Amino acid sequence: MSSQSVRVGGRTLRVSNLEKVLYPATGTTKGEVLSYYVAHADRILPELADRPVTRIRWPEGVAADHFFEKNLPPGAPDWLPRVTVPTPGSSRGRDTITFPLVPDVAALVYLVNLGSLELHVPQWRVDEEGTPRPPDRMVVDLDPGPGAGLRECARVAVLVRARLDAVGLSTSAVTSGSKGMQLYAPLEGARGADEVSAVARSLAEHLAEEHPDLVTARMARAERPGKVFLDWSQNNAAKTTICPWSLRGRERPQVALPRSWDEVEAADAGTTELVQRTLDEV
């Protein structure tokens, strides 16, 4: 295994196999993936700050096996920040999990060097004592069913924005790097995750009633063809969404990319096609 030492963020790290192709369809190497994350660290680090980070790892590239990793990776250096948080209802019966935190570029490079292509985070942060705070944002996940795509997601995004604008919540849009989009609305105050989930569910159900040919609030696959599923459940405190600016472990190195409302509105109007963007395009 080839490796070399690099100086990143005031720390010396060993990075390995920079020439390994992680995305065979585009020939994108591990070195290019690491370079992407370093080049965009100023954008992704504020999104990761104080949020426990779940990783999806493809050590041998996207054509090989992958696995989820929530807990601190084995052999993690002492300097890598971490937080232990309660995990009620864990599928493995654990009461707590110790997650890594990613406050700086050195921590980011360390995790990405392990094959962590995707970085997922909850809608809440931890305080200085490591205690989970109330969610600081609401997410509306737009998941297009068969026969629907980003054009339909854009139409729904404009509807969601209008509803949230009416109650004083601003929204930002992110194409997921997979199929659909996420909309984020910053929150203030001490709303709990259950309350935020209830609001998101109500929003989804009202839009489904008003636009039954375009929107569904039901998870059942049979309800989804030609429609966009508004997944309100992503606001559950135990769930995570892809971090904006993260890569995805798809065939091509697509990015969960923040988009302007001008782009979304143009796609809704049909004047411009909205597409998922890759590492090189970003």
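Provided above is the structure to which this section pertains.
Just so we're clear, the structure is a prediction, and the values are computed from it rather than from any experiment. (Residues numbered from 1 in each chain as written. Predicted model: local features only at pLDDT ≥ 70, side-chain atom pairs only at ≥ 80, totals over all residues. Heavy atoms only, no water.)

(A) View of the packing of helix α4 (residues 150-166) against helix α6 (residues 261-269). Taken N-terminus to C-terminus, the directions of α4 and α6 make an angle of 120 degrees; their axes are 8 Å apart at the nearest point. Classified by the angle between their axes, α4 and α6 sit oblique to one another. Helix-helix and strand crossings are classified by hand; for α4 and α6 the assignment is left-handed. Taken together, the residues of α6 that come into contact with α4 (itself represented by R151, A154, R155, A157, V158 and R161) are W261, V264, E265, A267, D268 and A269. (Axes fitted to C-alpha atoms, helices over the stretch in contact; angles between N-to-C directions. Helix = DSSP H or I, 4+ residues; strand = E, 2+ residues; numbered from the N terminus. Parallel < 35°, antiparallel > 145°, perpendicular 65-115°, else oblique. Left-handed = near helix turned anticlockwise from the far one by under 90°. Contact = heavy atoms within 4.5 Å.)

(B) Expanded view of the packing of aromatic side chains. Across all of its chains, the model carries two aromatic pairs by this definition. Ring plane angle 75 degrees and centroid distance 5.3 Å describe the contact between Y36 and Y37, whose orientation is recorded as edge-to-face. One cation-aromatic arrangement involves R161 over W261; the distance from NZ or CZ to the ring centre is 4.4 Å. (Phe/Tyr/Trp six-rings, centres within 6.5 Å; stacked < 30°, edge-to-face > 60°. Lys NZ or Arg CZ within 6 Å of the ring centre and 35° of its normal.)

(C) Up close: the sheet that holds strand β9 (residues 116-121). Spatially, β6-β5-β9-β15 is the arrangement adopted by the four strands of the open sheet, whose pairing is antiparallel. One side of each edge strand has no neighbouring strand; the edge strands of this open sheet are β6 (67-69) and β15 (241-242). Pairing geometry for strand β5 (residues 54-57) and β6, over three bridges, is antiparallel. Counterpart to R55 in the pairing with β6 is E69. (Pairing = 2+ DSSP bridges.)

(D) Broad picture of the sheet that holds strand β12 (residues 181-186). With mixed pairing, the six strands of this open sheet are ordered in space as β13-β14-β10-β12-β11-β16. The open sheet has two edge strands, β13 (215-216) and β16 (257-259), and neither has a second partner. The sheet contact formed by strand β11 (residues 172-175) and β12 spans four bridges and is antiparallel. Bridge pairing in β12 links S172 to Y184.

(E) Highlighting helix α1 (residues 30-39). All of the buried residues in α1 are K30, G31, V33, L34, Y36 and Y37. On its buried face, α1 is in contact with β2 (11-16), β3 (21-23), β4 (28-29), α2 (41-48), α3 (105-113) and β9. (Buried < 20%, exposed > 50% of the residue type's maximum accessible area, 1.4 Å probe, protein only.)

(F) Inspection of the environment of L72 at higher detail. For L72, the location among the structural elements is in the loop between β6 and β7 (82-86). Considering only alpha carbons, one finds L72 and A193, 121 residues apart in sequence, at a separation of 24 Å. Here L72 is in contact with R55, L80, R82, T98, F99 and P100, once residues within four sequence places are set aside.

(G) Here's a closer look at unusual backbone geometry. Despite not being glycine, D50 shows a phi value in the positive range, around 65 degrees. Counting through the fold element by element, D50 comes out in the loop between α2 and β5. For D50, a relative accessible area of 38% puts it in the partly exposed group. The residue W245 is not glycine, and still its phi comes out positive at about 85 degrees.

(H) Region of the structure containing helix α5 (residues 193-210). Across its 18 residues, α5 extends 26 Å between first and last C-alpha, which sits within 8% of the 26 Å expected from 1.5 Å per residue. Every buried residue of α5 is accounted for by A193, V196, S197, A200, L203, A204, L207 and A208. The arc that holds every buried residue of α5, seen down its axis, measures 130 degrees, which confines them to one face. Along α5, exposed side chains directed more than 90 degrees from the buried face belong to D194 and E209. Residues of α5 that are buried sit in contact with β10 (137-144), α4, β13 and β14 (228-231). (Expected span 1.5 Å × (residues − 1). Arc of directions from axis to C-beta.)

(I) Fine view of the environment of L150. Here L150 lies in helix α4. Residue class for L150 comes out buried when judged on its relative accessible area of 9%. Sequence-distant contacts of L150, that is, excluding residues within four places in its chain, are made with T175, K179, G180, M181, L274, V275 and Q276.

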